[in-house]
Amino acid sequence: MGNPKANRRAGPATRVGIGAILAVLATAAVLHGCGSDSTDAAAAPAAPAAPATPAAPVVPAGDAASASANIQAAWVEIGDSNQAIARVITSYTAPAAAAGSALPSNALCPLLTVDGVQQRMALRVGAGAMPLRTTASAAADSKPSDFPVSVCEATLPANAAAASVAGQTLPLPKAQPQRVLVLADTGCRLKKADNAYQPCSDGTAWPFAALAATAAGMNPDLVLHIGDYHYRENLCPPDIAGCQGTPWGYGWDTWQADLFKPAAALMAKAPWVVVRGNHEECARAGQGWFRFLDPRPYSDARSCNDPANDGNANYSEPYAVALGTGSQVIVFDSAKAGKTALPTNDPQFIAYQKQFQTVGWLAARPGMSTTLFTNHHPILAFAPVAGNNPAPGNLALQSVMSNANAQAYYPVGVHVALHGHVHDFQAINFASGHPATIVSGNGGDNLDVALPDPLPPGTIPAPGTVIDKITHHSSFGFVMMERNASPATGWTFKAYSVAGKLMATCVQTSNTLACDKTGFLAP
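From a predicted model like this one, the values you see are computed outputs, not experimental measurements.

Some remarks on helix 7 (residues 347-363)
- Here helix 7 contains 17 residues, and its C-alpha end-to-end distance of 25 Å stays within 8% of the 24 Å for a straight helix at 1.5 Å per residue.
- All of the buried residues along helix 7 are Gln348, Phe349, Ala351, Tyr352, Gln355, Phe356, Thr358, Val359, Gly360, Leu362 and Ala363.
- Against strand 16 (319-324), strand 17 (327-331), strand 18 (370-374) and helix 8 (395-405) lie the buried residues of helix 7.
- N-capping of helix 7 is provided by Asp346, with a side-chain oxygen placed 2.7 Å from the backbone N of Gln348.

This is the structure we're talking about:
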């Protein structure tokens, strides 16, 4: 973890070999050879410039690794320092190398075309079947994680105008995104310990594919997923019809079914900022998280393959993604946060304490009029409890935050907190000056019961907080952030149903939210 300034990374490097460089130079020479050889500027009048149009995706000819049939998923995500990273999951298997020779490490990867120039993507991690490790389930209800696919990546130039792979156009980041989709908890639950088996084949009971299609049709400029992508942990019992035949465990087949197949339209529409949830901790789907989604370079020590390394791999340094015009979102990894307060000498307390020191530094950046903090577990929000008063926010994180900032919890500079984990929608405005809080954990997994309306007297998410108003509903949906028109700063948060029906509208100003009464309103 260490000094945040010292930890700024250059991201996953994409190295172009000498062969690729020569190919680019050769292409340039061919282009120069087209047309007149004259160097006299007056020899022919220049034709009027044609209006600029986006270049069509280049489909590499004769390159087996770039065949579209091999590409299982392709997307762009944004990591630390606003690095745009192109990722591809491929099923391509390279032919065997000739005797006495070795294939280059990126031979499995397709060609990426950026502004008309092709280069081979770098191999992030190759295919492999991982030995069975300890999981959140009993050994009898677990199995080894099989990944018969490779993951390739490339860092995209900040000024790139067009990018494509295997003929598929990749969405590029916008310096000032106007519409940011916020969602979380999107997978289909198969969990023996809770006797919870969601009917994954039922588009109403598990509506993530329809939700993703609706959201993609609203043309977001950016997708912010706040964790819990994967839920299919255990085998569906033979007497439950709704989940028969669905994959289970933590390998590629479940990741494909829970995320990459239903979210394909969203991945084609906009870049993603990915936040890690508790279902992506090492004893659960952490192996897939680090292979597919984590924005940092892949390393075996942080792969979740060996439980001996979980104490490192379950924690990650926070980073910020700039949203332009004085807005930023701070990404915080709370995957391993428990439910109880932590003593100050607990290793988890120490780990999160260091992470929140980085949050304080990021929130204090000059020129920021709106800082959004996002992690999976709600901190100043509620967890509904059937037949009882709601539970408060996450006590483990509260204990760390109150140690540093007393009952302010958040460091100065945080205006809005965005969470998942609780499977409902909540928008909370505080009379006590705490950052406005939004929970958007209703993306597809089994919904929680509704919060009581109104809240029982004295119900608060943490000591020292005073709720002004809370808007909430317990139905599937998502949130769309829309940038407030200049000269105003901040965002308007709109909650939608799966079908795109507007449920609530909340206008943010500094650390406050003013919500309409479309949804349920508690005084």
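Anyway, onward from the coordinates.
Brief notes about the sheet that holds strand 4 (residues 117-120)
- The four strands are arranged 4-3-9-10 in an open sheet whose pairing can be described as antiparallel. At either margin of the open sheet sits one strand with a lone partner, and together these are strand 4 and strand 10 (168-169).
- Sheet topology places strand 3 (residues 111-114) next to strand 9 (residues 163-165); three bridges connect them, and they run antiparallel. By the bridge assignment for strand 9, Leu112 is matched with Val165.

Considering the state of the cysteines
- This model, assessed by the stated rule, comprises five disulfides.
- A sulfur-sulfur separation of 2.1 Å characterises the disulfide bridge that pairs Cys109 with Cys152. The S-S bond linking Cys109 to Cys152 shows a torsion near -85°; that makes this disulfide left-handed. Here Cys109 is found in the loop between strand 2 (84-90) and strand 3, whereas its partner Cys152 is found in strand 8 (residues 150-156), with 43 residues between them in sequence. The residues Cys109 and Cys152 share a single accessibility class, namely buried.

Some words on the packing of helix 7 against helix 8
- Where helix 7 contacts helix 8, the axes come no closer than 10 Å and their chain directions differ by 60°. Here helix 8 runs oblique to helix 7, going by the angle between their axes. Here the hand of the crossing between helix 7 and helix 8 comes out right-handed. Every residue of helix 8 that contacts helix 7 at Gln348, Phe349, Tyr352, Gln353 and Phe356 is listed here: Ala396, Leu397, Ser399, Val400, Met401 and Asn403.
- Its residues assigned to classes, the contact of helix 7 with helix 8 comprises seven nonpolar, four polar and no charged.

Conventions and cut-offs
Residues numbered from 1 in each chain as written. Predicted model: local features only at pLDDT ≥ 70, side-chain atom pairs only at ≥ 80, totals over all residues. Heavy atoms only, no water. Helix = DSSP H or I, 4+ residues; strand = E, 2+ residues; numbered from the N terminus. Expected span 1.5 Å × (residues − 1). Buried < 20%, exposed > 50% of the residue type's maximum accessible area, 1.4 Å probe, protein only. Contact = heavy atoms within 4.5 Å. Polar contact = N/O pair within 3.5 Å; in protein donor to acceptor, adjacent residues only side chain to side chain. Pairing = 2+ DSSP bridges. Disulfide = S-S within 2.5 Å. Axes fitted to C-alpha atoms, helices over the stretch in contact; angles between N-to-C directions. Parallel < 35°, antiparallel > 145°, perpendicular 65-115°, else oblique. Left-handed = near helix turned anticlockwise from the far one by under 90°. Nonpolar A, V, L, I, M, F, W, Y, C, P; charged D, E, K, R; others polar.

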